[in-house]
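Next come the chains, spelled out residue by residue.
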Amino acid sequence: MNTWITSDWHLGETRMELMGRPFVSDIDMITYLKSVHNSRVKPDDTVIVNGDVCYQKTPEALSLVKEFNGKKILVRGNHDRVFTDEQLKPYFDEIVEDGGGFDMT
């Protein structure tokens, strides 16, 4: 098992040019992110998502998290504040408050 660290998926974001992302659409970005992620991360690996999993409060964007391999820990970022812990719990094994930390041992 491996531990991976990632951040700033911004699922639901549609402003690719403003974000400086080389994708035509949010669907292209999500397809690419999932493909690269799932080619490396195995289902039993741990993934620390260091903030900004979604750009907006869109349940359909948040539900995409299930399509990414791994046991996921979310360290909340500024764009994650729009979701309650209850909304995030179905998608993450652990949720860490913005500015918080956790023991990796």
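Numbers given to residues run from 1 along each chain, matching the order in which its sequence is written. Owing to the predicted nature of the model, reporting of local features is limited to residues with pLDDT of at least 70; listing and counting of side-chain atom pairs is limited to 80 or more, with chain, interface and lining totals taken over all residues. To get the side-chain values, take all heavy atoms of the structure and skip hydrogens and water.

Draft legend 1. A look at the overall build of the protein chain. In this text, helices come from DSSP runs of H or I with a minimum length of four residues, and strands from runs of E with a minimum of two, each type numbered from the N-terminal end. Across its full length, the protein chain carries 4 helices and 4 strands. Going residue by residue from the N terminus, the α and β elements of the protein chain occur as β-α-α-β-α-β-α-β. Relative to a compact globule of 105 residues, whose C-alpha radius of gyration would be 13 Å, the protein chain shows 13 Å and is just as compact. Dimensions along the principal axes, computed over C-alpha positions, put the protein chain at roughly 40 × 30 × 20 Å. A total of 105 residues make up the protein chain; the buried ones form 37% of that total. Restricting the calculation to C-alpha atoms gives the radius of gyration, and the globule rule supplies 2.2 Å times the number of residues raised to the power 0.38. Relative accessibility thresholds used throughout: buried, under 20% of the residue-type maximum; exposed, over 50%; partly exposed, between the two (1.4 Å probe, protein chains only).

Draft legend 2. Spotlight on the pairing of strand 3 (residues 71-75). Of all 5 residues making up strand 3, 4 are buried, and the element is well covered by its neighbours. Where strand 2 (residues 46-49) and strand 3 come together, 4 bridges link them in parallel fashion. Residue I48 lies in a different strand from strand 3, and its bridge partner there is I73. Pairing between two strands requires that DSSP report at least two bridges joining them. Both strand 3 and strand 4 (residues 94-96) contribute to a ladder of 3 bridges, which runs parallel. Note that in strand 4 the partner of I73 across the bridge is E94.

Geometry only, nothing functional implied.
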